[in-house]
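Take a look at the letters that make up each chain.
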Amino acid sequence: MAEVSLKNIVKTYGDVRAVDDVSLHIHDKEFVTLVGPSGCGKTTTLHMIAGLIDLDGGHIFIGKRDVSELDPKDRDIAMVFQNYALYPHKSVRDNLLFPLRMRKIDKNTADQRINRAAKILSIEQLLDRKPKQLSGGQQQRVALGRAIVRDPAVFLMDEPLSNLDAKLRLQMRTEIKHLQQELQATMIYVTHDQIEAMTMSDRIAVMDKGKVQQFGTPDELFNHPNNVFVAGFIGNPPMNLIPAQIVSEGGDKKLRMGQITFAPQSARVHDLINKAVGDKVVVGLRNTAIHMVAAGTPSAINTQVYTVEPTGDVTYVQANIGDKMCTISSPDVAYRGRLGDPITLKLDENRLYLFDELTGKAIV
Ligand SMILES: Nc1ncnc2c1ncn2[C@@H]1O[C@H](COP(=O)(O)OP(=O)(O)OP(=O)(O)O)[C@@H](O)[C@H]1O
Ligand SMILES: [Mg+2]
């Protein structure tokens, strides 16, 4: 296994900077996920690591080796694609054998590796079947098996679960994470699903427009987002992001959000406001950092219910704060307010984030 370093890698297609000066250092045995919206450059980055796309700039190291100019076959990586790419006319065993034959691995070693992979993935009883005689999840396991038998330094996976139904996706998510730990493998995994990224990874690189917006552990990204993009991307439901203006009233600085003027009570929020460069900011509050309280509670915000969404163990309430529709977790799962019902909301100032509206950067 090996560490992987991307140093200032660049890929341009015409006017589009698909990958724009990306640098990441991935440790040996680490599970790192590239996550971001469609078109942000995840696949391009992964294909550059695999050697399927040439670099326009920068360097890629696997272990201590600069592999930037090497052919894919010489990089000691194995890639799992979204569409399994199994050979339909070969049995499962022959699908697993094929990459080993290509590398002229002797028969004994090949058999050992195939049996080990089949055992790890619980596909021993499927070895004589053809791909079309397998379920989607079983086919995905064979695709993983084909990567495992190669015994590569690094595994690369591009949305390997996106063709599976929701239930199977959850199951395979657990299996891939378990597999990575069992094999002690270095894994670079691509998904646009932030929950998948959060649940599987040691660290996550959040990408947008070809750039890494933040690289950190799931906890760091959730609790200390660098900017508005990461704040809005990580977490489900996403963080409420409310445009606000800093105003002075009676010598006190307050936050005006639409029709509401909010007077912070805590030194912490006053401190953040004082650090703001301009007067335009974005207030960030997670759904659990806005509390429904009794009418008349001091320094709370009065608004109305827009919708109520029960999900079973959590009930979400949507309501406007200022001009922004916000999602709040109701303290009472049985709450079933109707459109226009008055509610009172208290903002948790210990968990209030402030971002510069112009740059999007977190004010800390
Ligand atoms: N061969 C190509 N020619 C021109 N533009 C390309 C090519 N490949 C990718 N792009 C562009 O580069 C950008 C990044 O594409 P990429 O496939 O890396 O995105 P992605 O993050 O993997 O998206 P998705 O989640 O949809 O798979 C996009 O704007 C895309 O249109
Ligand atoms: Mg992609």
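Everything numeric in this text was worked out from a predicted model, so none of it was measured.

Colleague: Looking at this model, I keep getting lost on the nonpolar core. Mind explaining?
Modeller: Grouped burial of nonpolar side chains is what soluble globular proteins tend to show. Counting 36 residues, the largest nonpolar core has Ile123, Leu144, Phe155, Met157, Ile176 and Tyr189 as its most contacted members. Dropping the residues within four chain positions of it, methionine 157 is found in contact with Leu46, Val80, Leu144, Ile176, Met187, Ile188, Tyr189 and Val190. Ala244, Leu255, Ala319 and Leu352 belong to the second largest nonpolar core, which has 31 residues in total.

Colleague: Is there a simple way to explain the environment of asparagine 223 in this structure?
Modeller: Of note, asparagine 223 is situated in helix α7 (residues 218-223). For asparagine 223, a relative accessible area of 33% corresponds to the partly exposed category. When the C-alpha positions of asparagine 223 and isoleucine 234 are compared, they lie 9.7 Å apart, and in sequence the two are eleven residues distant.

Colleague: Please explain the packing of aromatic side chains as it appears in this structure.
Modeller: Per the stated rule, a full pass over the model turns up four aromatic pairs. Between the aromatic rings of tyrosine 87 and phenylalanine 98, the centroid separation amounts to 4.9 Å while the plane-to-plane angle is 65 degrees, which identifies the pairing as edge-to-face. Here tyrosine 87 is found in the loop between β6 (77-80) and α2 (92-102), whereas its partner phenylalanine 98 is found in helix α2, with eleven residues between them in sequence. Note on tyrosine 87: relative accessible area 33%, which makes it partly exposed.

Colleague: What exactly am I supposed to notice about the domain arrangement of the protein chain here?
Modeller: Interfaces are frequently sized by the accessible area removed from exposure as the parts join. Assigned domains of the protein chain: these are domain 1 (4-224) and domain 2 (240-356). Distance between the C-alpha centres of domain 1 and domain 2: 41 Å.

Colleague: Explanation requested: the packing of helix α4 (residues 136-148) against helix α5 (residues 166-183) in the structure shown.
Modeller: Two quantities define a packed helix pair, namely the angle between the helix axes and the distance between the axes. The contact between α4 and α5 brings their axes to 11 Å, and the two run at 20 degrees. Between α4 and α5, the interaxial angle falls into the category roughly parallel. The chirality of how α4 crosses α5 is right-handed. Every residue of α5 that contacts α4 at Gly136, Gly137, Gln140, Arg141, Leu144 and Ile148 is listed here: Leu168, Gln171, Met172, Glu175, Ile176, Leu179 and Leu183.

Colleague: What is the right way to look at the pattern of salt bridges in this model?
Modeller: Side-chain pairs of opposite charge can arise whenever the charged atoms involved come near each other. As enumerated under the stated definition, the model contains 14 salt bridges in all. Here arginine 203 makes a salt bridge to glutamate 30, at a shortest N to O gap of 2.6 Å. Of the two residues, arginine 203 is situated in strand β9 (residues 203-208) and glutamate 30 in the loop between β2 (16-26) and β3 (31-35); the sequence distance between them amounts to 173 residues. A relative accessible area of 8% means that glutamate 30 is categorised as buried. Each of the salt bridges in this network shares a partner with another, and the network as a whole consists of Arg17, Asp20 and Lys211.

Cut-offs applied
- Residues numbered from 1 in each chain as written.
- Chains lettered and ligands numbered in written order.
- Predicted model: local features only at pLDDT ≥ 70, side-chain atom pairs only at ≥ 80, totals over all residues.
- Heavy atoms only, no water.
- Core = buried A, V, L, I, M, F, W, Y, C linked by side-chain atoms within 4.5 Å.
- Buried < 20%, exposed > 50% of the residue type's maximum accessible area, 1.4 Å probe, protein only.
- Contact = heavy atoms within 4.5 Å.
- Helix = DSSP H or I, 4+ residues; strand = E, 2+ residues; numbered from the N terminus.
- Phe/Tyr/Trp six-rings, centres within 6.5 Å; stacked < 30°, edge-to-face > 60°.
- Domains from an automatic or database assignment.
- Axes fitted to C-alpha atoms, helices over the stretch in contact; angles between N-to-C directions.
- Parallel < 35°, antiparallel > 145°, perpendicular 65-115°, else oblique.
- Left-handed = near helix turned anticlockwise from the far one by under 90°.
- Salt bridge = Lys/Arg side-chain N within 4 Å of Asp/Glu carboxyl O.

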